[in-house]
Amino acid sequence: MPSPLENRPLRVAIIGAGPAGVYAADILTKAERDFEVSIDLFDQHPAPYGLIRYGVAPDHPRIKGIVNALHKVLDRGDIRFIGDVTYGRDLLLSDIRDLYDAVIFATGANDDAALNIPGEELEGSFGASRVVSWYDGHPDVPREWPLNAKEIAVIGNGNVALDVARVLSKHADDLLVTEIPENVYEGLKSSPVTDVHIFGRRGPAQIKFTPLELRELSHSRDVDIVLYPEDFEFDEASDEAIKSNNQVKTMVNTLTNWIVEEQDTGASRRLHLHFLQSPVEILGEDGKVVGLKMERQELQGDGSVKGTGEFTDYPVQAVYRAIGYFGTEIPEVGFDAKRGVIPNVGGRVLDESGEVIPGLYTTGWIKRGPVGLIGHTKGDALETIGHLLEDHAELKPAAHPSEDALIELLNERGIEFTTWEGWLALDEHEKALGAAASEAGPVQRERVKVVPREEMVKVARSADVPVA
Ligand code: NAP
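Residues numbered from 1 in each chain as written. Predicted model: local features only at pLDDT ≥ 70, side-chain atom pairs only at ≥ 80, totals over all residues. Heavy atoms only, no water.

Side note on the pairing of strand β3 (residues 79–82)
Under the convention used in this document: Three labels apply to residues, based on accessible area from a 1.4 Å probe with only protein chains included: buried if under 20% of the type maximum, exposed if over 50%, partly exposed otherwise in between. Each helix is a run of H or I in the DSSP string that is no shorter than four residues. Each strand is a run of E no shorter than two, and both are numbered from the N terminus. When DSSP finds two or more bridges between two strands, those strands count as paired.
Where burial is concerned, the two faces of β3 agree: the one with I79 and F81 and the one with R80 and I82 are both buried. Summarising the sheet, strand β2 (residues 37–42) and β3 pair through four bridges and their orientation is parallel. When the bridges of β3 are listed, L41 appears paired with F81.

Structure representation (structure tokens):
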């Protein structure tokens, strides 16, 4: 008997409307195939774009380009966006199985990796992703952020550490040109910060920054960059990396030029870059952070480091660990707690015994871990979609595959989802807020983010476009 899938569009649910989910939807829509597809792209937030909206610093020049590209994909109208719906709460796996022939989990990595050193629980010790969410106007973080530290430590030598250190050391007025919400501006405005220290545990040739992001550090007004010549150690592996990798070479040049140029201009704020310092303990008094104990490291020849037994206590009142994201476990799907990913082979989700579960797929950071830039996410989606297409004939057809069936279920449950038209309304609203702020304030603002979730949903639902 021919499969019912031969006579109707393949129904696919994608959970997560960040870059991973949007790329997967786009690639599936455009793929060469001899059957139709019908895709619903879900997000737990009322707005799409995931970590591009809620995970990248607002003053980052390249995010706009990525947002525009994702917008174009969703604006074509052949992928249905359903926002403010949480998988595992509003929709269970059994619902998804009932309504769709296949599901792709693209839920990302939103937690912070733990340092596992004493003092991590002190007041003033934070995971970087939380403050990133705050300054990016994430609807689910408190509006107030405790910015009372004069001296701040940021642990890690990746782009997230750079983002956090740059935003926290900038003068708030210089962020007014970005889309930061009013509460973020007010919070940063009252920050008494004078010194932000970024600590890398390895050497200058082992940094995980990217050249553009590193150079951007020196563009902040009234912020001096401070480097320490004794940190500039290079072992054999460092020399090899500088020789063979252009990015490393460019960044080491940037850093060494900064030392030569002596960046001390008497600015009111300083951004210190330390290398070969590994965190040992966050020091506290009365439950609050008062310092950070670091151990000097020595390069071992292969780019790895070993502690030297030389310790330094840095007086800081806040510590942000930016040592990598960690995948967030999602209900009813397996989770590799060591790697923070959904167990899979090439995007096909595995069960506890390592067998492929038909119809379940994954892509993006929850598939491969929180590493790599946006281009890798595209490659990832290509692989997953390739496997989904290969499996097409074997998929178990859903019992209720019509597009209306999902809407009926959400309505029945009283779940107030948002739509693409709703997002367009919210987008317009944010831009209007930006225009109003420009008229009233000293700088041109393209957009000001609307923040509390209820307000976002209210604005989005005011579009009130019936969903087919
Ligand atoms: P990342 O690039 O993996 O960097 C993590 C850093 O933390 C590394 O320097 C690592 O050092 C350090 N680290 C790990 N464990 C540590 C420990 N126990 N103690 C001290 N240091 C430790 O991670 P990320 O910064 O979270 O970025 C994730 C991805 O997003 C990256 O691909 C990044 O480029 C991308 N991203 C890009 C942008 C952008 O603007 N382009 C912005 C944000 C994020 P080791 O090398 O020694 O392990």
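Some details on the site of the ligand
We apply this condition: Whether a residue is near a molecule or strand is decided by its heavy atoms; if any one of them lies within 4 Å of it, the residue is near. Any pair of nitrogen or oxygen atoms within 3.5 Å is treated as a polar contact; in protein, a donor-acceptor pairing is required on top of that, and neighbouring residues in sequence qualify only through side-chain atoms on both sides. For the accessible areas, the method is Shrake-Rupley and the probe is 1.4 Å, while residue cover comes only from the protein chains on display. Charged residues are taken to be Asp, Glu, Lys and Arg, nonpolar residues to be Ala, Val, Leu, Ile, Met, Phe, Trp, Tyr, Cys and Pro, and polar residues to be all remaining types, Gly included.
Residues in contact with the ligand amount to 23 residues; listed here are only the nearest, H60, N157, N159, R201 and R202. Residue H60 places a side-chain N or O atom 2.8 Å away from an oxygen atom belonging to the ligand. One of the side-chain nitrogen or oxygen atoms of N159 is found 2.9 Å away from an oxygen atom of the ligand. Coverage of the ligand by the protein amounts to 84% of the 920 Å² it exposes when considered alone. Top element by residues in the shell around the ligand is helix α6 (residues 159–169). It accounts for three residues. Considering only residue class, the shell around the ligand consists of ten nonpolar, seven polar and six charged.

What about the sheet that holds strand β11 (residues 277–285)?
Here is the rule we go by: Angles here are taken between N-to-C directions and fall from 0 to 180 degrees, while the axes themselves are lines fitted to C-alpha atoms, restricted in helices to the stretch in contact.
Sheet architecture is open: three strands sit in the order β11-β12-β13, paired in antiparallel fashion. This sheet does not close on itself; its edge strands, each paired only once, are β11 and β13 (305–315). Averaged over all neighbouring strand pairs, the angle between strand axes comes to 25°, with direction disregarded. Pairing of strand β12 (residues 288–299) with β13, which is carried by eight bridges, proceeds in the antiparallel orientation. Each residue of the ladder has a partner; that of G291, found in β13, is P315.

As for the sheet that holds strand β9 (residues 223–227)
Backbone-to-backbone hydrogen bonds pair the strands of a sheet. The strands run either parallel or antiparallel. Across the sheet, six strands lie side by side as β6-β14-β7-β8-β10-β9; this open sheet has parallel pairing. Edge strands, defined here as strands with exactly one partner in the open sheet, are β6 (125–127) and β9. This sheet shows a mean twist of 20° between the axes of neighbouring strands, independent of strand direction. Pairing between β9 and strand β10 (residues 269–274): five bridges, direction parallel.

A short note on helix α12 (residues 374–391)
Residues lying three or four places apart along an α-helix face the same way, a consequence of the helix completing one turn every 3.6 residues. Spelled out, the test is: Expected span of a helix, by definition, is 1.5 Å for each gap between consecutive residues, and there is one gap fewer than residues. An arc is given here, and it is the one of the directions from the helix axis to the C-beta atoms.
With 18 residues, α12 should reach 26 Å at 1.5 Å per residue; the first-to-last C-alpha distance of 26 Å fits that figure. Along α12, the residues that are buried comprise T377, D380, A381, T384, I385, H387, L388 and D391. Along the axis of α12, the buried positions cluster into a sector of 155°, meaning they face one direction only. For α12, exposure combined with an orientation more than 90 degrees from the buried face picks out L382 and E390.

A short note on the layout of surface pockets
Our working definition: Using a grid of 1 Å spacing that covers the protein atoms alone, one calls a set of points a cavity when a 1.4 Å probe fits there but cannot get out, and a pocket when the set is open and has protein on both sides within 12 Å along at least five of seven lines; lining residues are those with an atom within 4 Å of a point. Grid points are joined across faces, edges and corners, and a volume is the space filled by probe spheres set on the points.
Here the second largest pocket defines a volume of roughly 480 Å³. Lining the second largest pocket are 20 residues, with K64, V67, E179, E446 and R447 positioned closest to its centre. Where the lining of the second largest pocket is concerned, the elements lending two or more residues are α2 (50–54), α3 (63–75) and α14 (420–440). Of all the elements, α3 adds the most residues to the lining of the second largest pocket, at five residues. Looking at the lining of the second largest pocket residue by residue, the classes come out as eight nonpolar, four polar and eight charged.

Points about the environment of R130
Relative to the elements of secondary structure, R130 occurs in helix α5 (residues 128–135). Accessibility expressed as a relative area gives 40% for R130, which makes it partly exposed. C-alpha of R130 to C-alpha of Y320: the two residues are 190 residues apart in sequence and 9.4 Å apart in space.

Describing the packing of helix α9 (residues 236–244) against helix α10 (residues 246–261)
Note the following rule: Roughly parallel refers to an angle under 35 degrees, roughly antiparallel to one over 145, roughly perpendicular to one between 65 and 115, and oblique to any angle outside these ranges. In this description, contact between two residues means that some pair of their heavy atoms is separated by no more than 4.5 Å.
Contact geometry of α9 with α10 gives a least axis separation of 5 Å together with a crossing angle of 105°. By the angle between their axes, α9 is roughly perpendicular relative to α10. Residues A241, I242 and S244 of α9 lie in contact with α10, whose contacting residues are N246, V248, K249 and V252. Looking at the contact of α9 with α10 residue by residue, the class counts come to four nonpolar, two polar and one charged.

A word on the pattern of salt bridges
Let me state the cut-off plainly: Basic side-chain nitrogens of Lys or Arg form a salt bridge, by our definition, when they fall within 4 Å of a carboxyl oxygen of Asp or Glu.
Tallied over the full model, the rule gives 33 salt bridges. Ionic pairing is found between R445 and E182, a salt bridge with its closest N-O pair at 3.7 Å. Placement of the pair is R445 in the loop between α14 and α15 (453–461) and E182 in helix α7 (residues 182–189), with a sequence separation of 263 residues. In this structure, D427 and R447 form a salt bridge, with 2.7 Å as the shortest nitrogen-oxygen distance. Taken together, the positions of D427 in helix α14 and R447 in the loop between α14 and α15 put the pair 20 residues apart, joining distant regions of the chain. Beyond isolated ion pairs, a larger network of salt bridges with shared partners links R53, E179, D427, E430, K431, R447 and K449.

Considerations on the environment of T194
Along the polypeptide, T194 turns up in the loop between α7 and β8 (195–199). Judged by its relative accessible area of 21%, T194 is partly exposed. Separated by 161 residues in sequence, T194 and E355 place their C-alpha atoms 54 Å apart.

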